Amino acid sequence: MKSNIFFQNIAVVAGGNVTAKLIGIIAAPIITRLYTPQDYGVFSVFLSVIGIMGSLNTLRYAVTIPIAKEEKLADNILKLCFLITLSLSIVWFIGIALFGNFFTAQFSAEQLQPFLWLIPVVFIGSGFYEALNNWAVRARKFRLLTRTKVSQGVSSVGVKIGLGTIGITPLGLFLGQVAQEAAGIASLFSKLVQLNPAFLKSFSWSEIKYAAKRYKKFPLVQSWSQLLLALGAQLPVLLIGAFYGVEVVGVLD
């Protein structure tokens, strides 16, 4: 394995994921004593909504970044992902403003209403991170991905514990999620700009449109399967909240 780059890269990425998970596991006994089951229940409903909405944050164009034949094409796909995520976040923001109260009432999650505005924020973060993560895979920056995973875990845990300690609950859980996304975006985007300074200086609608057409089968085909997978994983949480209340969701979580 020491002489095989492929296995080394797998070990590096897996090590980052394991370390990030361990940080969360070690911090769990502290965090669960700072927040109530109801806090966790509201946060779980929030994450379920993000999980469903986030399955379409780049319309699956992000997965085409590593397989693009040319660097210029990959850059345009990355820009396309950013534009799609920003556009959809505006749509979600308008939808939440118009129907947010109806949604929370249907799923017995009225406590989520003050935090609905954070859904588009985290949606943007998850979309940008997914796109940048695939760019890092293309650029073979696996050690960077490992450091990013660790920094995300530390940032999330730090914010949750810090705000929970001073009694800012359940907002601390939500802002911890925001901090996690921000930490991932910051490290990856800074490396992107460092390696490709021209990325921010050039922009062509025609080239981005070509990239969208070149890989149009991904949003037309894969986005539906991804949405169904997300619904299968997240819908039970929403249904449990609707039938039994968010506190039961928090206990199960």
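Residues numbered from 1 in each chain as written. Predicted model: local features only at pLDDT ≥ 70, side-chain atom pairs only at ≥ 80, totals over all residues. Heavy atoms only, no water.

Chemist: Describe the overall build of the protein, naming the residues involved and giving the relevant values.
Modeler: Along its length, the protein carries 9 helices and 0 strands. Element order for the protein, N to C, with α for helix and β for strand: α-α-α-α-α-α-α-α-α. In terms of overall dimensions, the protein is globule-like: its C-alpha atoms have a radius of gyration of 19 Å, near the 18 Å expected for 253 residues. With the C-alpha coordinates of the protein rotated into their principal frame, the extents come out at 50 × 45 × 30 Å. Within the span of the protein, comprising 253 residues, buried residues form 43% of the whole. Sequence separation of at least 24 residues holds for 83% of the intrachain contacts in the protein that already meet a minimum separation of 6. (Helix = DSSP H or I, 4+ residues; strand = E, 2+ residues; numbered from the N terminus. Rg over C-alpha atoms; globule rule 2.2 N^0.38 Å. Buried < 20%, exposed > 50% of the residue type's maximum accessible area, 1.4 Å probe, protein only. Contact = heavy atoms within 4.5 Å.)

Chemist: Any details on the packing of aromatic side chains? Residues and values, ideally.
Modeler: Here a ring pair, both rings aromatic, is described through the centre-centre distance and the interplanar angle of the planes. Under the definition given, this model contains 11 aromatic pairs. Both rings, one in Tyr-215 and one in Phe-218, keep their centres 6.1 Å apart while their planes meet at 65 degrees; by these two values the pair is edge-to-face. Each member of the pair, Tyr-215 as well as Phe-218, carries the same accessibility label: buried. Taken together, Phe-43, Phe-46, Phe-115 and Phe-174 form an aromatic cluster joined through their ring pairs. One residue, Lys-79, lies across the ring of Phe-199, its end atom 5.1 Å from the ring centre. The cationic tip of Arg-214 hangs over the ring face of Tyr-215; the distance from NZ or CZ to the ring centre is 4.7 Å. (Phe/Tyr/Trp six-rings, centres within 6.5 Å; stacked < 30°, edge-to-face > 60°. Lys NZ or Arg CZ within 6 Å of the ring centre and 35° of its normal.)

Chemist: How would you summarise the side chain of Glu-181 if you had to cite specific residues and measurements?
Modeler: Mapped onto the secondary structure, Glu-181 falls in helix H6 (residues 171-195). If sequence neighbours within four positions are ignored, Glu-181 has contacts with Val-122, Gly-125, Ser-126, Tyr-129 and Gln-152.

Chemist: Explain the packing of helix H4 (residues 118-138) against H6 to me, using residue names and the numbers behind them.
Modeler: Packing of H4 against H6 brings their axes to within 9 Å, and their N-to-C directions diverge by 35 degrees. Crossing of H4 over H6 shows left-handed handedness. Residues Leu-118, Val-122, Gly-125, Ser-126, Phe-128, Tyr-129, Leu-132, Asn-133, Trp-135 and Ala-136 of H4 lie in contact with H6, whose contacting residues are Leu-171, Phe-174, Gln-177, Val-178, Glu-181, Gly-184, Ile-185, Leu-188, Phe-189, Lys-191, Leu-192 and Leu-195. (Axes fitted to C-alpha atoms, helices over the stretch in contact; angles between N-to-C directions. Left-handed = near helix turned anticlockwise from the far one by under 90°.)

Chemist: Outline the pattern of salt bridges, listing residues and values.
Modeler: Inspection of every chain in the model, using the stated rule, returns 3 salt bridges. The partner of Glu-130 in a salt bridge is Arg-60, with the nearest N and O atoms 3.9 Å apart. Separated by 70 residues along the polypeptide, Glu-130 in helix H4 and Arg-60 in the loop between helix H2 (37-54) and helix H3 (71-106) bring together distant segments of the chain. Of the residues examined, Arg-60 reaches a relative accessible area of 13% and is grouped as buried. A salt bridge links Arg-138 to Glu-71, with the shortest nitrogen-to-oxygen separation between them at 3.2 Å. (Salt bridge = Lys/Arg side-chain N within 4 Å of Asp/Glu carboxyl O.)

Chemist: I'd like a description of a nonpolar patch on the surface, backed by residues and values.
Modeler: There is a patch of nonpolar side chains on the surface, built from Ile-90, Phe-93, Ile-94, Leu-98, Phe-99 and Phe-102 and spanning about 700 Å² of accessible area. Note that Phe-102 resides in helix H3. (Patch = residues over 30% accessible without salt bridge, like charges linked within 9 Å, V, L, I, M, F, W, Y side chains within 5 Å. Areas by Shrake-Rupley, 256 points an atom, 1.4 Å probe, with all protein chains shown as cover.)

Chemist: Outline a positive patch on the surface, supporting the account with residue identities and numerical values.
Modeler: A cluster of basic side chains, namely Lys-209, Lys-213, Lys-216 and Lys-217, defines a positive patch on the protein surface. On the secondary structure map, Lys-209 appears in helix H7 (residues 205-214). (Lys, Arg positive; Asp, Glu negative; His and termini not counted. Charge placed at Lys NZ, Arg CZ, Asp CG, Glu CD.)

Chemist: Any details on the nonpolar core? Residues and values, ideally.
Modeler: Ranked by size, the top nonpolar core spans 31 residues in total, and within it Tyr-61, Ile-65, Ile-77 and Leu-78 carry the most contacts. Those elements that place two or more of their residues in this core are H3, H4, helix H5 (142-165), H6 and H7. The element best represented in this core is H3, accounting for 8 residues. Setting aside anything within four residues of it in sequence, one finds Ile-77 in contact with Tyr-61, Thr-64, Ile-65, Ala-68, Ala-211 and Tyr-215. By size, the runner-up hydrophobic cluster in this structure holds 29 residues, among which are Ala-27, Ile-50, Ile-119 and Phe-123. (Core = buried A, V, L, I, M, F, W, Y, C linked by side-chain atoms within 4.5 Å.)

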